[in-house]
Amino acid sequence: MNENLPRRGFLLGAFGIAGMGYLASAAAEPSPLPPPPVPLPALPAPPVTPFNYHSPPLRPFVDELPIPETRVAAGELDAMSGTHRYHRDLPETRSWGFGQPVLGPNLEAVRDRVARIRFRNQLGEHVLAAHVDTTMHGVTEADRTDPRFTVHLHGGANSPGAEGHPLIGWRNGGGPAFTYGNRQEAATLWYHDHAMGITRLNIQAGLAGMYYLRDEFDTGRDGNPLGLPSGEFEIPLIVQVRTFNADGSLQPMVATYIPQGSNQSGQLGDVCCVNGVVWPRLEVRRTVYRFRLLNGSNSRPYVFEFSDARPFFVIGGDLGLLDAPVAAPGVRVSPGERVDLLVDFRGIRDGEHVDLMNTADSRAVLTASARSSLCCTASHRSVLGFPHVEFRGCSVRGGGAPGPARPGRG
């Protein structure tokens, strides 16, 4: 082979040579169909399909956005079973969380300071036992009644012994004691279950939470050197798309024709949850807010933009803070990714509505409005033949404003 010929060129050439005989024999045959027009004509949106699961109709803006507590990354933290109501109009259902009924607290650590946490499995029977797929690697019938779990600090520069290896799990009563060195720049990390073959179900049941790594600049306190919003103005947003049954329980399946208990290689729901609540409202003041946003969905990506073209001030991502804020009209967030944002609500007028929209093929929208209030909504069009469903995400009520925050390193 000519060493100057790129591999891709060589492969294309090889395929071309191999196919010359076929092309020669097929050249005389008439084409059975005319070529499609270019560009292809627009197709109508698909109707609601009986082949997919759908959540019952749910009214937006009836529940407030819960803000998880922030606690020091130390001591013990139980993975526990509880009951949770995802929406006012849904019944309570079994759920999992870290030290609370669903999701977990924001764990706060400091760069280069060791954090030691002992996790313990107090989960009981699996919340989604009927959907455990025993054909997957490492999964057994025992995972329905005595599920395994471990914890992975996602984005952390972890030692092998604190990585939360998916094949090293603990059943009820057991659990790992992990030491995190936190030897990396300040960043937004998250922790979640990592058990082989059932991670998707364990996270959907609620085993996930934020992990804030601080340093001498991003202290999380008032008067920090970067002038970043802190306290009530620093808010985690764990965005997770879900499907619900009429009894309030989670429906992890997408297609009705796939046998129950079979892995479907991804889950795309039809309802957007933020911090474990469907389309909540968030009361805010007219000032600059810091949103630490995690896409905790199983499969759905988002491209967020504001309807009035106001910019985001992107100050960080998976690896930590940027050198300077970047004004961007939109931001893409794929599953597992985090983005650190500043949003300026100081100019919101009474009665004004601003939508935070997902302009990806799969739609998810957050809307903000102000009456003396500001609202966040969300809207979503699924990629699996779901209808166009309106999602309402955060409502915002205005009041007085503290001093302005500087979007950057001062």
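None of the values given here were measured: they were computed from a predicted structure.

### Considering the confidence of the model for the protein
Within the protein, residue pLDDT values average 80, and 75% of them lie at 70 or more. Residue range residues 1-31 is modelled with pLDDT below 50. Its contacts to residues more than four positions away, or to other chains, number two contacts. With pLDDT under 50 throughout, residues 362-410 is counted as low confidence; its partners more than four residues away or in other chains account for 217 contacts.

### Observations regarding the nonpolar core
By size, the foremost hydrophobic cluster in this structure holds 50 residues, and its most contacted members are Tyr86, Phe244, Val278 and Phe291. Of the residues forming this core, the biggest block, five residues, is contributed by strand 10 (residues 234-242).

### Observations concerning the pattern of salt bridges
Under the definition given, this model contains 19 salt bridges. Linking Asp78 and Arg120 is a salt bridge whose minimum nitrogen-to-oxygen distance equals 2.9 Å. Here Arg120 lies in strand 5 (residues 115-122) and Asp78 lies in strand 2 (residues 75-84), a separation of 42 residues in the sequence. With its nearest N and O atoms 2.8 Å apart, the salt bridge here joins Glu108 to Arg214. Of this pair, Glu108 sits in strand 4 (residues 106-110) while Arg214 sits in strand 9 (residues 208-214), and the two are 106 residues apart along the sequence. Relative accessible area serves as the criterion here: at 14%, Glu108 is assigned to the buried category. Arg214 gets classed as buried once you look at its relative accessible area, which sits at 4%.

### Looking at the pairing of strand 3 (residues 93-98)
When you tally the buried positions in strand 3, you get five out of six residues, the bulk of the element. Here strand 2 pairs with strand 3 via six bridges, running antiparallel. Its bridge partner lying in strand 3, Ala79 is registered against Phe98.

### Here's the deal with the side chain of His152
Checked against the element boundaries, His152 lands in strand 6 (residues 151-154). Beyond its immediate sequence surroundings of up to four residues, His152 is in contact with Asn158, Glu163, Trp190, Tyr191, His192 and His194.

### A few points about the environment of Ile235
Along the polypeptide, Ile235 turns up in strand 10. For Ile235, a relative accessible area of 3% puts it in the buried group. With residues up to four places along the chain from it excluded, the contact list for Ile235 reads Leu65, Ile67, Tyr212, Leu282, Tyr289, Arg290, Phe291 and Arg292.

### Regarding the sheet that holds strand 13 (residues 288-295)
With mixed pairing, seven strands are arranged side by side in an open sheet as 12-11-10-13-18-15-16. On the outer flanks of this sheet lie strand 12 (277-278) and strand 16 (320-328), each paired with one strand and no other. Summarising the sheet, strand 10 and strand 13 pair through six bridges and their orientation is parallel. Counted as the bridge partner of Ile238 is Leu294 from strand 13.

Definitions and limits used
- Residues numbered from 1 in each chain as written.
- Predicted model: local features only at pLDDT ≥ 70, side-chain atom pairs only at ≥ 80, totals over all residues.
- Heavy atoms only, no water.
- pLDDT = per-residue confidence, 0-100.
- Contact = heavy atoms within 4.5 Å.
- Core = buried A, V, L, I, M, F, W, Y, C linked by side-chain atoms within 4.5 Å.
- Buried < 20%, exposed > 50% of the residue type's maximum accessible area, 1.4 Å probe, protein only.
- Helix = DSSP H or I, 4+ residues; strand = E, 2+ residues; numbered from the N terminus.
- Salt bridge = Lys/Arg side-chain N within 4 Å of Asp/Glu carboxyl O.
- Pairing = 2+ DSSP bridges.

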